[in-house]
Amino acid sequence: MRFLVVEGSARSGSMNAMLAQLAAEEISRRGAIASLKSISEFDCPSYNQDVEDTSGIPEGARRLKDEILNNDGFIIASPEYNGSVPGNLKNIIDWVSRFRPQPFNERHALLMSASPSMGGGNRGLWSLRIPLEHLGTRVYPNMFSLASAHQAFTPDKKISNNVLAKRFEANLDAFMELVEASNTTHA
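The structure contained in this document is the topic of the report that follows.

## Looking at the side chain of Asn171
Item 1. In this fold, Asn171 is placed in helix H6 (residues 162-186).
Item 2. Setting aside anything within four residues of it in sequence, one finds Asn171 in contact with Leu110, Tyr140, Asn142, Met143 and Phe144.

## Some words on the packing of helix H3 (residues 59-69) against helix H4 (residues 87-96)
Item 1. Closest axis-to-axis distance for the H3/H4 pair is 9 Å, and the angle between their directions is 75 degrees. Considered as vectors, H3 and H4 are oriented roughly perpendicular to each other. Where H3 abuts H4, its residues Ala61, Leu64, Lys65 and Ile68 lie against Ile92, Trp95 and Val96.
Item 2. For the contact of H3 with H4, a count of residues per class yields six nonpolar, no polar and one charged.

## Quick look at H4
Item 1. Along H4, the residues classified as buried are Leu89, Asn91, Ile92, Ile93, Trp95 and Val96.
Item 2. Contact partners of the buried residues in H4: helix H2 (49-55), H3, strand S3 (73-77) and helix H5 (122-134).

## What to know about the pairing of strand S4 (residues 108-114)
Item 1. Across the seven residues of S4, seven count as buried, placing the element largely inside the fold.
Item 2. Residues His108, Leu110, Met112 and Ala114 line one face of S4 and the alternating positions Ala109, Leu111 and Ser113 line the opposite face, and both faces are buried.
Item 3. With H4 bridging S3 and its parallel neighbour S4, the resulting β-α-β unit is right-handed.

## Describing the nonpolar core
Item 1. By size, the foremost hydrophobic cluster in this structure holds 29 residues, and its most contacted members are Leu19, Met112, Leu146, Ile159 and Phe168.
Item 2. At eight residues, the largest contribution of residues to this core is made by helix H1 (residues 15-29).
Item 3. The residues contacting Leu19, other than those within four sequence positions of it, are Met112, Ser113, Ala114, Phe144, Leu146, Phe153, Ile159 and Phe168.
Item 4. Core analysis: the next-biggest nonpolar cluster, separate from the first, contains 27 residues, Ile57, Leu64, Val96 and Leu132 among them.

About the criteria used
Residues numbered from 1 in each chain as written. Predicted model: local features only at pLDDT ≥ 70, side-chain atom pairs only at ≥ 80, totals over all residues. Heavy atoms only, no water. Helix = DSSP H or I, 4+ residues; strand = E, 2+ residues; numbered from the N terminus. Contact = heavy atoms within 4.5 Å. Axes fitted to C-alpha atoms, helices over the stretch in contact; angles between N-to-C directions. Parallel < 35°, antiparallel > 145°, perpendicular 65-115°, else oblique. Nonpolar A, V, L, I, M, F, W, Y, C, P; charged D, E, K, R; others polar. Buried < 20%, exposed > 50% of the residue type's maximum accessible area, 1.4 Å probe, protein only. Right-handed = clockwise from strand over helix to strand, strands pointing away. Core = buried A, V, L, I, M, F, W, Y, C linked by side-chain atoms within 4.5 Å.

So, in C-alpha cells, the structure goes:
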C-alpha cells in the first residue's frame, strides 16, 4: 500500500511537519510506502476563474492530483489558523477540485494536527473535513489532534506521552486497515 503524507505547514520547524514525518515513519515501519511531501510542493496562486481560463490549472495542483491518484490514501497534518483551515491549503484543494474526474472522490484521508493550544488544532481539522467530504473524500472519522505540541515531542521527534503515542499509532493502524480492506473490496 502507498500513502501520501502532507506536511500542511511550510514553516521550518513546524510541529505539523514533525507529526507528518512521524506518520510517514510509522507507515514505513508497517511495511507500506509513505510519500512525504511539504504543502509548499503544491503551492498555487490564489484561485481565480480568469487565471484558470487563461493559464490553466497550475503545476502545484497537478502534482497534488497525481500524488492523490498514485496513492491508496492520504494523510494531512495541518495547523489551525484562527480556528480554521490554513488559506493556502484550502486554496490548493480548490484548484485540485477543478480536475475531472474529481481526484478527491472516493479517496481515503486521515486528518491530524499538532498545535501549542489545548485544542490541538481540532477546530481546523473540522474545517478541513468540510471541503474534502464535499468533494467525495472518505475522511476517516477519528482525527488525531496533539495539544500542547510545543511540549509533546521528545528530542528525537517522537510523541513523549505514551498514552498519546499509542493512540496515534492505533489511529494510524486502523486507518491503514480500512484503506487495505477497501482496496481488497474494490480489486
